[in-house]
Amino acid sequence: MEELRANLKNKKRVVVKIGSSSLQHPETGELDYIKIDILVRELCNLQNQGKDVILVTSGSISCGRKAIGLKETKTVSQKQACAAIGQARLMTTYQKIFSEYNHYAAQILMTRNTIVDNVNRFNAQNTFNELLSMGVIPVVNENDTISTFELDKVVGENDTLSAIVTALTNADLLILLSDINGLYTDDPRQNKDAQFIERVDCLTDELMQMGKASTGSSVGTGGMETKMIAAKIATYSGADMVIASGKDVRIIHRIMEGRNYGTIFKANKNETFDFAAFLDQLHK
């Protein structure tokens, strides 16, 4: 077992991101309660090992859309309304299941302004630290009900948000659960000759360009490009990152055991990197 993966078991603060397509039954779009239960159990077990755990979850818009029988959201206001419906439903589900394992979850909704505004960022950081010190698992999502920035200019199915949370909380590991099992030299859905990349030690311009492929999910919005942006934020902030398939969420403990799943990105802390400024410039 290579040392980089073997050291994952020693990580103290872990951020896990899961996307919309990983939370739902593909046939109906309804929430997959068995999968969510396993996800929550995995996170609770990490916390029982003495680790700080943060979950970044997508799914509010698609959850709300399904709840009211809306086939598609054509306008920003429709997306915001569905997010308001779905976020409540999603968080209620999480809290019920966390309580079954004698753990507490707290909802944190963030926008771009939470990060780029110094006071808001400081307050958010304090909230995270206080919750973690209390043994509470923060459950984070974008506040799509009031923010149009994330809806108009896709931040990336919470990929970027999860990396920002990683940097904000000084986490040392980010696990991105996706509808693809890692980084390839090209989109494997379009190119059968695409080669899987197991490990990335340094983010080069070539690698960043390699992430231009689009997602194969009709539920989510984030492609590999957003995951590469997330990798830059996370690794430059001092955290290792793993992109892996969210098809079986039990992969979380397998990754933490150092087993060879997904693509691992080695931390490459850059003392001059300002993640708030980076985000502010990202879509300008």
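Everything quoted here is computed from the prediction, not taken from an experiment. (Residues numbered from 1 in each chain as written. Predicted model: local features only at pLDDT ≥ 70, side-chain atom pairs only at ≥ 80, totals over all residues. Heavy atoms only, no water.)

Draft legend 1. Fine view of the packing of helix α10 (residues 224-236) against helix α12 (residues 275-282). The geometry of α10 relative to α12 is characterised by a closest axis approach of 10 Å and an angle of 160° between their N-to-C directions. As far as their axial angle goes, α12 and α10 are roughly antiparallel. For the pair α10 and α12, the crossing hand works out as right-handed. Of the residues in α12, those touching α10 at I229, K232 and I233 are F275, F278 and L282. Looking at the contact of α10 with α12 residue by residue, the class counts come to five nonpolar, no polar and one charged. (Axes fitted to C-alpha atoms, helices over the stretch in contact; angles between N-to-C directions. Helix = DSSP H or I, 4+ residues; strand = E, 2+ residues; numbered from the N terminus. Parallel < 35°, antiparallel > 145°, perpendicular 65-115°, else oblique. Left-handed = near helix turned anticlockwise from the far one by under 90°. Contact = heavy atoms within 4.5 Å. Nonpolar A, V, L, I, M, F, W, Y, C, P; charged D, E, K, R; others polar.)

Draft legend 2. Just helix α4 (residues 76-100), in detail. Taking 1.5 Å of rise per residue, 25 residues should cover 36 Å, and α4 covers 36 Å from first to last C-alpha, within 8% of that figure. Looking only at α4, the buried set comprises Q80, C82, A83, G86, Q87, L90, M91, T93, Y94, I97 and F98. A positive phi of about 60° marks N102, the residue just after α4. (Expected span 1.5 Å × (residues − 1). Buried < 20%, exposed > 50% of the residue type's maximum accessible area, 1.4 Å probe, protein only.)

Draft legend 3. Seen up close, the sheet that holds strand β3 (residues 105-110). The strand order β3-β4-β2-β1-β5-β9-β10-β8 describes an open sheet built from eight strands, whose pairing is mixed. Each having just a single partner strand, β3 and β8 (199-200) make up the two edges of the open sheet. Inspection of the sheet shows strand β1 (residues 13-18) paired to strand β2 (residues 52-57) by six bridges, in the parallel sense. Bridge pairing links K17 to V56 in β2. The strands that helix α2 (residues 33-48) touches are β1, β2 and β4 (137-142); relative to β2, the one it contacts most, it runs at about 155°. (Pairing = 2+ DSSP bridges.)

Draft legend 4. Representation of the confidence of the model for the protein chain within the structure. Across the protein chain, pLDDT averages 87, with 90% of residues at or above 70. The low-confidence segment residues 151-156, where pLDDT is below 50, has 19 contacts with residues more than four positions distant or belonging to other chains. Taken as a whole, residues 213-222 scores under 50 in pLDDT and shows 28 contacts with residues more than four places along the chain or in a different chain. (pLDDT = per-residue confidence, 0-100.)

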